[in-house]
Amino acid sequence: MIIKINEYSDVPIYLQIRNQIVMGISSGELEAGEQLPTVRALSMEIGINTMTVSKAYQILKSEGFILTDRKNGARVRMQIHQSGTVSGENKDELRRIVSEAKISGVTKEDFDKLIEEMWGE
Amino acid sequence: MENFFLGLIMYICIVPAAVILYVLLYPRNWKKKARIFGVNNRPEFLEEMSAEHIDGIVRSHHRQATVMLVCTLVITTALLFVPVLTVKMIAWTIFVYVFLLAFAVPYALGNSEIKKYKKVLGIVSEKVLYADLKNAGNIHALNVSGLAAANLVGLILFVLAVLCDVELLPLKAAMNPGTFLSTGFAGMFFFTSLVLAPIAVLIDRSKNQIISENSDINANYNRARKKVFGDYTIALTWVNNAAALITLLILIRVRSEAATLVILTLYLLAIMLFTGKLVKDIIAVEKRYVNGEAKLLEDDDDHWILGMFYYNPGDMHLNVPKRAGVGMTINMAHPAGKAITVISILVILGSLISLIGSVILW
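So, how was this worked out
- Residues numbered from 1 in each chain as written.
- Chains lettered and ligands numbered in written order.
- Predicted model: local features only at pLDDT ≥ 70, side-chain atom pairs only at ≥ 80, totals over all residues.
- Heavy atoms only, no water.
- Pairing = 2+ DSSP bridges.
- Helix = DSSP H or I, 4+ residues; strand = E, 2+ residues; numbered from the N terminus.
- Contact = heavy atoms within 4.5 Å.
- Axes fitted to C-alpha atoms, helices over the stretch in contact; angles between N-to-C directions.
- 1 Å grid on protein atoms, 1.4 Å probe; cavity = no way out; pocket = protein on both sides within 12 Å on 5 of 7 lines; lining within 4 Å.
- Points joined across faces, edges and corners; volume = space filled by probe spheres on them.
- Nonpolar A, V, L, I, M, F, W, Y, C, P; charged D, E, K, R; others polar.
- Domains from an automatic or database assignment.
- Phe/Tyr/Trp six-rings, centres within 6.5 Å; stacked < 30°, edge-to-face > 60°.
- Buried < 20%, exposed > 50% of the residue type's maximum accessible area, 1.4 Å probe, protein only.
- Lys NZ or Arg CZ within 6 Å of the ring centre and 35° of its normal.
- Salt bridge = Lys/Arg side-chain N within 4 Å of Asp/Glu carboxyl O.
- Polar contact = N/O pair within 3.5 Å; in protein donor to acceptor, adjacent residues only side chain to side chain.
- Buried area = accessible area lost by both parts, 1.4 Å probe.

### Remarks on the sheet that holds strand S3 (residues 66-69) of chain A
Pairing between sheet strands relies on hydrogen bonds along the backbone, with the strands arranged either parallel or antiparallel. Residues and elements named next belong to chain A. With respect to topology, three strands assemble into an open sheet ordered S2-S4-S3, the strand pairing being antiparallel. Each edge of the sheet is formed by a strand with only one pairing partner; in this case those strands are strand S2 (35-36) and S3. Bridging between S3 and strand S4 (residues 73-76) involves four bridges; their strand directions are antiparallel. Bridging across to S4, Leu 67 finds its partner in Arg 75. In the packing of helix H3 (residues 50-62) onto the sheet, contacts are made with S2, S3 and S4, and the angle to S3 comes to roughly 120°.

### Re empty space enclosed by the protein
Residues and elements named next belong to chain B. For the structure on display, the rule yields three cavities of 30 Å³ or more. Considering only enclosed or pocket space, the largest cavity measures out at about 380 Å³ in volume. Lining the largest cavity are 30 residues, and of these Lys 207, Gln 209, Glu 298, Asp 300 and Arg 323 sit closest to its centre. For the lining of the largest cavity, the secondary structure elements donating two or more residues are strand S3 (128-132) and strand S6 (319-321). For the lining of the largest cavity, the class distribution of residues is 10 nonpolar, eight polar and 12 charged. No fewer than three residues from each of domain 1 (2-129 + 298-361) and domain 2 (144-289) sit in the lining of the largest cavity.

### Overview of the layout of surface pockets
What the largest pocket holds in volume is close to 2,500 Å³. What lines the largest pocket is a set of 40 residues, among which A:Arg18, A:Val22, A:Met23, A:Ser26 and A:Asn90 lie closest to the centre. When residues of the lining of the largest pocket are traced back to their parent elements, those giving at least two are strand S1 (2-6), helix H1 (13-27), helix H4 (88-103) and helix H5 (108-120) of chain A. Among the elements that line the lining of the largest pocket, the one with the most residues is H1(A), at 11 residues. Taken together, the residues that form the lining of the largest pocket break down as 18 nonpolar, 14 polar and eight charged. Composition of the lining of the largest pocket by domain shows at least three residues from each of domain 1 (13-76) and domain 2 (88-120) of chain A. One number sums up the size of the second largest pocket: a volume of about 1,600 Å³. What lines the second largest pocket is a set of 50 residues, and nearest its centre among them are B:Leu21, B:Leu100, B:Lys322, B:Ala324 and B:Val326. The dominant element in the lining of the second largest pocket, judged by the number of residues it contributes, is helix H3 (residues 85-120) of chain B, at 10 residues.

### Some points on the packing of aromatic side chains
One pass over the full model with this rule turns up 11 aromatic pairs over all chains. Where B:Phe158 meets B:Phe190, the ring centres are 5.9 Å apart and the plane angle is 20°; that geometry is what we call stacked. Here B:Phe158 is found in helix H4 (residues 144-165), whereas its partner B:Phe190 is found in helix H5 (residues 181-204), with 32 residues between them in sequence. Taking relative accessible area as the criterion, B:Phe158 reaches 25% and is therefore assigned partly exposed. Here the basic side chain of A:Lys55 rests over the ring of A:Tyr14, its NZ or CZ set 4.2 Å away from the ring centre.

### Considerations on the domain arrangement of chain B
All names here are of chain B. What the domain assignment reports for chain B is domain 1 (2-129 + 298-361) and domain 2 (144-289). If you average the C-alpha positions of domain 1 and of domain 2, the two centres end up 25 Å apart. Opposite the 22 residues of domain 1 that make contact, domain 2 presents 23 residues. On inspection of domain 1 and its partner domain 2, the count reaches zero salt bridges. Scanning the region where domain 1 abuts domain 2 turns up zero residue pairs in polar contact (both at pLDDT 80 or more). Of all the secondary structure elements, the ones that give two or more residues to the side of domain 1 that touches domain 2 are helix H1 (2-25) and S6. The element contributing the most residues to the side of domain 1 that touches domain 2 is H1, with 12 residues.

### Description of the interface of chain A and chain B
Often, the extent of an interface is quoted as the loss of accessible area on bringing the components together. Tallying the contact residues gives 22 residues for chain A and 23 residues for chain B. Across the chain A to chain B interface the summed buried area is about 2,100 Å²; carbon plus sulfur atoms make up 58%. The largest share of the area that chain A buries against chain B comes from A:Ile2, A:Glu7 and A:Glu45, three residues that together contribute 34% of it. At the boundary of chain A and chain B, one finds eight residue pairs in polar contact (both at pLDDT 80 or more).

### Observations regarding the domain arrangement of chain A
Segmentation of chain A into domains returns domain 1 (13-76) and domain 2 (88-120). One C-alpha centre belongs to domain 1 of chain A, the other to domain 2 of chain A; they are set 27 Å apart.

### Considerations on the environment of B:Ala200
Residue and element names in this part refer to chain B. By the element assignment, Ala 200 lies in helix H5. With 127 residues separating them in the primary sequence, Ala 200 and Gly 327 have C-alpha atoms 9.7 Å apart. What Ala 200 contacts, discounting residues up to four positions off in sequence, is Leu 142, Leu 147 and Thr 233.

### Quick look at the pattern of salt bridges
All names here are of chain B. Summed over the entire model, instances satisfying the criterion amount to 13 salt bridges over all chains. Its salt-bridge partner being Lys 227, residue Asp 231 comes within 2.9 Å of it at the nearest N-O pair. Note that Asp 231 and Lys 227 are positioned in helix H6 (residues 215-253) at a spacing of four residues, about one turn of the helix. By relative accessible area, Asp 231 is classed as partly exposed at 36%. In the salt-bridge network here, residues are joined through shared partners; they are Lys 118, Asp 300, Asp 301 and Arg 323.

Dropping the structure here:
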């Protein structure tokens, strides 16, 4: 899986890493139990501070997406807890996206179609 | 005799280096290359109008480089026949500086013209960094035990040379006591190998290049590149060992300056042959992976000053793969990179001042 970090983005780098790993797990690019690179290896690879990658991994761990231990490094969890609900934070984000889409003149059908496509990815 | 061999040594160093630089920096078929004068090749460049424009830039600088190459061949051949040793060495030193500068000029001009054209096309760097999660920190190809074994042999040869020179071994028949000639030679070859070893490790641990969305292609490409460099370093270490052994044997049997010069000439010839092989292998790897459907994704052209010097404060790497030529170069924005740059400039300035001084004194 290729991670893309946009240096000009308003989104902090640790969050970009976190988001892309979550998207990788969701799309199946990162399989359950798959080994992730060590903090040092990934920071060396991207050319960023180890603390940035460490922060991304800590968030992923606290959210229950990955497991970390000294011996095996970081791995995608075999079973990720499925709450069956969208978090409040994500609902707010979705509301913002829907609002912007409405202002831009996107129809509900087109929006549904887009979600359908993304759901299938 | 010594005069001729010293000239020949310089000739063996400069001429193949010029040919290698010419082949690497000034390829004609730019459409099939990953980069043009250090600027990433892009699909936009291949469109009809752009291709014509870039073709013009490449042709003009290729022509300039060809003239430089021919001049290099003529001047270096002429320098072989300069009779006075001092004049010869001063002329060679001046020529090396002029050659390095002159050979880089068409490349730097080409780089700046292509960057300007990129702006004309409205291509702006997205400043996106890429990392392959599957390969990060996993791709290594250096045979560490092979390199260690070769260095161990070098160390044994060095110790043998020291023992001969301090007369602890009964092998001093033809040697001049007190000169420490064999220690000097074996030490020089061993030291060269010792310098190569950390460079090999750095290259093996360097950042992987992302050329494709497919992790397997990236893994194979980076492994192949690293293997070529790793094998080259081990081969050079064995060349150093062979040179140390042969020099030691010669110094035990006969004490002849001409013989050591012949060894030195053959040694440089071997290094140039292996370097030629390295370039050939690197070109083959690039041809196989980069020229197909794969493409370079990261656009960091703006961080490459004149396509040669890397300056990226946002990148924590000290060493990065070169854009011009083969091997690695330093990130001049890195704290250690800044120190290395200042030291290099001081060394170059110092040698220039000493050269000017020697010309005035002569």
